[in-house]
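What follows is the residue order along each chain.
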Amino acid sequence: MKILKKSHCNMPLIASALKQLAGIICLSLLCSTTLNAQFEVRGSVKASEGVPLPGVNIIEKGTSNGIISDFDGNFEIVVSDEDAVLVFSYIGFTTKEFKLNGQSDISVDLEEGSTGLDEVILIGYGSQKKSDITGSVASIDSKDFEITPLNNFSSMLQGAVAGVEVIKGSYQPGKSGIVRIRGGNSMIGSNDPLYVVDGFPSESILPNANDIESVQVLKDASATAIYGSRGANGVIIITTKRGKGEPSIKLDTYYGFQSVRNKIGLLSGDEYVQFANEKAENIGIAPYFPDPASVTVNTDWQDVIFASSAPIANYNLSITGGNADNKFAISGNYFQQDGAVRNSDYNSTNLRFNFDNKIKDWLNVSTSINLEHNKTNRIDLSGTVGLLYQTLQAPPVAPVYDDSGDYYNFALLPTADPTWRNPMVLSDRTLDEDVGNKVAANTNFSFNLLDGLVYSMRAGIVYDNLKNNYYLKQIAGRTNQARISERDSYSYLFDNILSYKNTFNDRHTLEFTTGFTWQENIASGFSAGSGNFSDDKLLTNDLSAGGIISTPTSNKEKSAIISWLGRINYFLDNKYLFTFSAREDGSSKLGENNKWGFFPSAAVAWRISEESWFDQMDNLDNLKLRISYGQTGNQNIGNYRSLSRLNSTFALQGGDEHRVIGYIPVVLQNPDLKWEVTNQFDVGLDFTIYGGALDIVFDYYVKKTTDLLATVPLSMSSGYGAILKNFGDMENKGVELTVNSKLINKPHAQLNIGFNISHNSNKVLKVATENGQFFGPTIGSPIDNFVNIIKEGEPMSSFYGYRTNGLWESDQTVGSIQPTALAGDQKYVDTNGDGTISSDDRAIIGSPFPDFTYGLTTNFNYKNFGLNLVLQGVSGGKILMVQKFTIADSFARNGNQLNEVKNHWSSQNPDPNADYPRLSNVNPLLSDRFFEDATYLRLKNIGVSYNIPTSNIRGVEQIKLYLSGENLFTITDYTGYDPEVVSNSSSNLLQSVDLGNYPSTKTISLGIITQF
């Protein structure tokens, strides 16, 4: 219940502070409104049959002053004067303008039929109507996730956008998923998209999910080339919620419980004893357990390490409002999550302030400020020595504690292996705490110079501080150690953007955007540690108390990018749309001879539905063909990679062995290091049918990335091992289909269903080796080998190993491809036909990438009831489950085994087609036996809600109760914790390798949304 105490202690403070601040702002706004001649309007909005419409957007034309209608369709709004024009818009209905002409009490009827083509979409450094978009852009509205508890931003994307793959990978509290847009483009550089939050570009600083208003995903080069060298991996534009209408207070809170979704089936204590003695008989030694009946211990180590129910809680309070000239949105959020694995948790506190002010008729100022404090307690997931790996292989015959209450020593077991560790020692011994503080602030000054001509100047800063406290306690005979590491980073931004838009002769529309941007990043860090403390009381709070002091380290780095950009849009008769954009970037990260890069793009779209003859096509309302081609780059490769660098070293000299410091060269310079360049072609088709009831988007794309960065080996005589060069090509191509339908669209009942599916095919075209291939990183013991191969003509990081062909039916002798194999041993395939099994027989045995990714969303509302459903999944691809090398090795290392290993060859079951070989001490080779299908279908979220009528509750606009379930079921054949696998590695070349990921959890939450 510790989580509850923390949350209840913090929330009243946050709520009190926000209420006081809201009161001050509201008072100032009320004072300012008395100085202006304004006009108050009341009214109602109804459908054509007279049924009230709740949630209608009502905006004063030419301003951002607006509100939404209540559940009875009523509204109140203060406008600038009695002749103002109100714009009424509602999904599924035609947008309507209403001029007041002095009326203060009005009634407005809306007609069905709007297709959403007038929706405004944010693009790079500007916005456009959806109907005018020439590139591939997808949108997400936060309203679709109102009753979905979102722990992080990536959860909003998963399954929602075609061509966007989100791999959750680890469910460790505070951990976000990996996002890939149309596949990965780089082998060494980053494959993460660029995030732009309220105009500020960043690769890592993301807002609290509760603050997000909308998301735009820019996928093709026409949409992303305006971001130049930062747009190759796609761009995600995030807009946070802004103020509008009368002051409103909204409290959104939920509380729930998590549990591990799927435990891995392992042997019981009795079964383990049986396996051990069978192995002993097979290899000709005495039984490990001479008296099986005396072994009574049966420890389920997963139950020991996992929490039966881990609480999760979220409290979000927001205050919004404003008038025609001044608007504000202030929010505070507290989030707490206990992990499903012992001693892991996460909590965060966020404050956001958004202000929009009309200073003069020609000057508008928008400010966004975000403050975040978070704390994470992590567990060690370091592969085979990590907690989860050790938990799975731990023998069930070992107790947690010995008779004296100390941690049981696994070395006392007759089957003991020197690599085993008591999982409870790993869990209790380690403190690994991250403490983060972030500040993101930016202000945009918008000057209306002439009619249609706007100059915008944006200045911003992001500060990110991360401190890690790491401590190993003095338990189970281990020496204690402490280490403190801290990193500070600053990012400064200065944008200057000039934009123009005008329509001539009602036929020609011209838009242009041009500008100059500058961004600088500075980061520094240090680390210090010591060990051999007298006790564990001080943890990391006094490093000087350690008997052994480690050498401290520190570093500092700096990078900058400056850019010129431009875009021209020309529309003829609202039918023929043309877009040209370009950006020239100069980056400090690249070689002296290639600091600058130029990235152009062009796109054309034909709105076929605007042709005069199109009216003859029944039920087809809108049809647009898009074609684009462009070039983007990737400069996110780390700092100083093109320069010759030195590392400090030391030697002990003299009788007193004093330290003498020196420097040695470690990296050879490459002044020709340049951008990774991605050329992308896209053709798309957008159309709606049946009055907007069905909206379909199809895209086909081809991306070719050239000048891939590669580490090229050098000769020994150079004095260096390798050099970083541009040498390699890769291709991604695929198709995407999105279908959104409004099957029911009545005032009291709505049913919307969305479906998307995408296919991406990855192929390596050229690598920097003479034989056209090289290998990914090596995985440590017990595999001690590489598992991914990068080979021309194959998907990047294809899996590489031996092929199997059942089991041997008899003992083998000289002349066999496996002369030492016995009956029941694994039989491998001699792929090269040389008569023996060797490393030359390894072959490609699968791709880590799925064939298809897909998602299905359903939103149903009937009167006050609501239902939200999200299904998501992938088809195809392979996963290497590294744990099987220990827990499915037919007892070779004496660790616990999967239940499926019960179907193994034995004297009682001499089946050459058994799933597993005989129990023995024969270590298996890395073969197709350890690779599994990654296909899965997941019920990602289901939520039901009820709106309590509030017409008789004074001052209350909304009370919504909801019940939500996350990850309630997953259909898959994968035997690990979850088929969504991240390799826990910084390398792009180690793909789909399960080294012991934090298990996935299912969550049940109950929430309430209250608005005043």
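Residues numbered from 1 in each chain as written. Predicted model: local features only at pLDDT ≥ 70, side-chain atom pairs only at ≥ 80, totals over all residues. Heavy atoms only, no water.

Participant: I keep staring at the overall build of the chain and nothing clicks. Help me out?
Facilitator: Within the chain one finds eight helices and 55 strands. The C-alpha atoms of the chain give a radius of gyration of 31 Å, which matches the 31 Å a tight globule of 1012 residues would have. For the chain, the spread of C-alpha atoms along the principal axes amounts to about 100 × 75 × 65 Å. Residues classed as buried in the chain amount to 52% of the 1012 residues present. Put simply, of all contacts in the chain between residues at least 6 apart along the chain, 69% involve residues at least 24 apart. (Helix = DSSP H or I, 4+ residues; strand = E, 2+ residues; numbered from the N terminus. Rg over C-alpha atoms; globule rule 2.2 N^0.38 Å. Buried < 20%, exposed > 50% of the residue type's maximum accessible area, 1.4 Å probe, protein only. Contact = heavy atoms within 4.5 Å.)

Participant: Would you take a moment to explain empty space enclosed by the protein for this structure?
Facilitator: Counted according to the given criterion, the structure contains nine cavities of 30 Å³ or more. In terms of lining, the largest cavity is formed by 15 residues, of which the most central are Val197, Phe200, Arg352, Ala440 and Asn442. Elements with a contribution of two residues or more to the lining of the largest cavity: β14 (200-202), β21 (363-377) and β22 (430-450). Estimated volume of the second largest cavity: approximately 110 Å³. (1 Å grid on protein atoms, 1.4 Å probe; cavity = no way out; pocket = protein on both sides within 12 Å on 5 of 7 lines; lining within 4 Å. Points joined across faces, edges and corners; volume = space filled by probe spheres on them.)

Participant: I'm lost on the sheet that holds strand β7 (residues 105-110) in this one. Help?
Facilitator: Backbone hydrogen bonds are what pair the strands of a sheet, in a parallel or an antiparallel way. As summarised here, the arrangement of the three strands in space is β4-β1-β7, forming an open sheet in which the pairing is mixed. Every interior strand has two partners, whereas the edge strands, β4 (74-79) and β7, have only one. Averaged over all adjacent pairs, the angle separating strand axes in this sheet is 30°, with direction ignored. In terms of strand pairing, strand β1 (residues 39-47) meets β7 through six bridges, oriented parallel. Across the sheet, residue Arg42 finds its bridge partner in β7, namely Asp105. (Pairing = 2+ DSSP bridges. Axes fitted to C-alpha atoms, helices over the stretch in contact; angles between N-to-C directions.)

Participant: What is the right way to read the environment of Leu724 from this model?
Facilitator: Residue position: Leu724 is located in strand β36 (residues 722-726). Along the chain, Leu724 and Val108 lie 616 residues apart, while their C-alpha atoms are 66 Å from each other. Every residue in contact with Leu724, bar those within four places of it in the chain, is listed here: Ile188, Arg641, Asn670, Leu673, Leu709, Ala710 and Thr711.

Participant: How do you make sense of the packing of aromatic side chains when you look at a structure like this?
Facilitator: Geometry of an aromatic ring pair is reported as the spacing of the ring centres plus the angle between the planes. Tallying each qualifying case throughout the model produces 28 aromatic pairs. Their ring planes at 40° and their centres at 5.6 Å tell us that Tyr401 and Tyr407 sit as a pair that is tilted. Ring geometry for Tyr408 and Phe410: centres 6.3 Å apart, planes at 55°, overall tilted. Overall, the relative accessible area of 14% leaves Tyr408 in the buried class. Taken together, the ring pairs connect Tyr272, Phe275, Phe289 and Phe891 into an aromatic cluster. Looking at Lys766, its charged tip hangs above the ring of Phe727, at a distance of 5.1 Å from the centre. Over the face of the ring belonging to Trp808 we find Lys827, whose NZ or CZ atom lies 4.7 Å from the ring centre. (Phe/Tyr/Trp six-rings, centres within 6.5 Å; stacked < 30°, edge-to-face > 60°. Lys NZ or Arg CZ within 6 Å of the ring centre and 35° of its normal.)

Participant: For this particular structure, what's the right way to read the pattern of salt bridges?
Facilitator: Pairs may arise between side chains of opposite charge once their charged atoms sit close together. Inspection of the entire model under this criterion finds 38 salt bridges. Between Arg507 and Asp573 there is a salt bridge; the shortest N-O distance is 2.6 Å. Of the two residues, Arg507 sits in the loop between β24 (481-504) and β25 (508-531) while Asp573 sits in the loop between β27 (553-572) and β28 (576-587), which places them 66 residues apart along the sequence. (Salt bridge = Lys/Arg side-chain N within 4 Å of Asp/Glu carboxyl O.)

Participant: Sorry if this is basic, but what is going on with a nonpolar patch on the surface here?
Facilitator: Nonpolar side chains collect at one region of the surface, where Leu867, Val944, Leu963, Leu968, Phe969, Ile971, Ile1004 and Leu1006 lie side by side and expose about 680 Å² of accessible area between them. Structurally, Leu867 can be placed in strand β48 (residues 865-875). Owing to a relative accessible area of 32%, Leu867 belongs among the partly exposed residues under this scheme. (Patch = residues over 30% accessible without salt bridge, like charges linked within 9 Å, V, L, I, M, F, W, Y side chains within 5 Å. Areas by Shrake-Rupley, 256 points an atom, 1.4 Å probe, with all protein chains shown as cover.)

Participant: For this particular structure, what's the right way to read the sheet that holds strand β6 (residues 93-99)?
Facilitator: Across the sheet, four strands lie side by side as β3-β2-β5-β6; this open sheet has antiparallel pairing. Only two strands of the sheet have a single neighbouring strand rather than two, namely β3 (66-68) and β6. Between one strand axis and the next, the sheet turns by 15° as a mean value, whatever way the strands run. In terms of strand pairing, strand β2 (residues 57-60) meets strand β5 (residues 85-90) through four bridges, oriented antiparallel. Across the sheet, Ile58 pairs through a bridge with Phe88, a residue of β5.

Participant: How should I be thinking about unusual backbone geometry in this particular structure?
Facilitator: Most of the time, phi is negative for any residue but glycine, and the peptide bond is trans. A cis amide bond links Ser781 to the next residue, Pro782, at an omega of 10°. With respect to the helices and strands, Pro782 occurs in the loop between β40 (778-779) and β41 (785-786). At Asn101, a position not held by glycine, the phi torsion is positive, near 50°. Locating Asn101 in the fold gives a position in the loop between β6 and β7. Positive phi, normally seen in glycine, also occurs at Asn574, with a value near 55°. Relative to the helices and strands, Asn574 is located in the loop between β27 and β28. With a relative accessible area of 31%, Asn574 lands in the partly exposed category.

Participant: In this structure, what is going on with the nonpolar core? I would like to understand it.
Facilitator: Most often, soluble globular proteins keep nonpolar side chains buried together rather than apart. Ranked by internal contacts, the top residues of the largest apolar core, which has 46 residues, are Phe289, Val341 and Leu898. For this core, the elements supplying multiple residues, two or more each, are α4 (269-283), α5 (301-305), α6 (387-393) and β49 (878-881). The element best represented in this core is α4, accounting for five residues. Other than its neighbours up to four places away in sequence, Val341 contacts Ile305, Phe306, Ile379, Leu387, Leu388, Tyr998 and Pro999. The next biggest cluster of nonpolar side chains, apart from the first, holds 21 residues, and it includes Val56, Ile77, Val79 and Ala84. (Core = buried A, V, L, I, M, F, W, Y, C linked by side-chain atoms within 4.5 Å.)

Participant: How should the pairing of strand β9 (residues 126-129) be read in this particular structure?
Facilitator: Regular strands place side chains that alternate from one sheet face to the opposite one. Examined bridge by bridge, strand β8 (residues 120-123) and β9 share four bridges and lie antiparallel to one another. From the neighbouring strand, Val120 faces β9, where its bridge partner is Lys129. Where β8 folds back onto β9 in an antiparallel hairpin, the turn is made up of two residues, including Tyr125, whose phi is positive at roughly 60°.

Participant: I keep staring at the environment of Phe598 and nothing clicks. Help me out?
Facilitator: The residue Phe598 is located in strand β29 (residues 596-607) in this model. Note on Phe598: relative accessible area 48%, which makes it partly exposed. For Phe598 and Gly383, which are 215 residues apart along the polypeptide, the C-alpha to C-alpha distance reads 42 Å. Ignoring sequence-local partners within four residues, the contact set of Phe598 consists of Ala582, Arg583, Glu584 and Gln631.

Participant: Just to check I follow, could you spell out the confidence of the model for the chain for this structure?
Facilitator: Low pLDDT means the predicted coordinates in that region are not meant to be read closely. Mean pLDDT over the chain stands at 89; residues scoring 70 or higher make up 94%. Low confidence marks residues 1-36, where pLDDT is under 50. Its contacts with residues over four positions away, or in another chain, come to 46 contacts. (pLDDT = per-residue confidence, 0-100.)

Participant: Hey, could you run me through the pairing of β22 in this one?
Facilitator: Where β21 and β22 come together, 15 bridges link them in antiparallel fashion. By the bridge assignment for β22, His373 is matched with Asn437. Inspection of the sheet shows β22 paired to strand β23 (residues 453-472) by 20 bridges, in the antiparallel sense. In the sheet register, Leu450 faces β23, and the bridge partner there is Leu453. Between β22 and the antiparallel strand that follows it, β23, lie two residues; Gly452 among them carries a positive phi value of about 90°.

Participant: I would appreciate a short explanation of the side chain of Arg180 in the present structure.
Facilitator: By the element assignment, Arg180 lies in strand β12 (residues 178-181). In this structure the side chain of Arg180 is engaged in a polar contact, spanning 3.4 Å, whose partner is the backbone oxygen of Asn191. The contacts of Arg180, once residues within four sequence positions are left out, are Gly163, Val164, Glu165, Asn191, Asp192 and Asn988. (Polar contact = N/O pair within 3.5 Å; in protein donor to acceptor, adjacent residues only side chain to side chain.)

Participant: Can you help me understand a negative patch on the surface in this one?
Facilitator: Residues Asp70, Asp72, Glu246 and Glu957 make up a contiguous surface patch of negative charge. Tracing the chain through its elements places Asp72 in the loop between β3 and β4. (Lys, Arg positive; Asp, Glu negative; His and termini not counted. Charge placed at Lys NZ, Arg CZ, Asp CG, Glu CD.)

Participant: Would you mind showing me how to read the side chain of Asp495 here?
Facilitator: On the secondary structure map, Asp495 appears in strand β24. Of the side chains with opposite charge, Arg458 lies nearest to the buried Asp495, which makes no salt bridge, at 4.7 Å. When residues no more than four places from it in sequence are discounted, the contact partners of Asp495 are Tyr125, Gly199, Ser456, Met457, Arg458, Phe516, Thr517 and Trp518.

Participant: Teacher, can you tell me more about α4 here?
Facilitator: For α4, built from 15 residues, the straight-helix expectation of 21 Å at 1.5 Å per residue is met to within 8% by its first-to-last C-alpha distance of 21 Å. Among all positions in α4, only Gly269, Tyr272, Val273, Phe275, Ala276, Asn277, Glu278, Lys279 and Ala280 are buried. Two residues or fewer past α4, Gly284 is found with a positive phi of approximately 80°. (Expected span 1.5 Å × (residues − 1).)

Participant: In this structure, what is going on with the environment of Leu86? I would like to understand it.
Facilitator: Along the chain, Leu86 falls in strand β5. When near neighbours in sequence (up to four residues on either side) are disregarded, Leu86 contacts Ile58, Ile59, Glu60, Phe75, Ile77, Val79, Lys96, Glu97, Phe98, Leu100 and Ile106.

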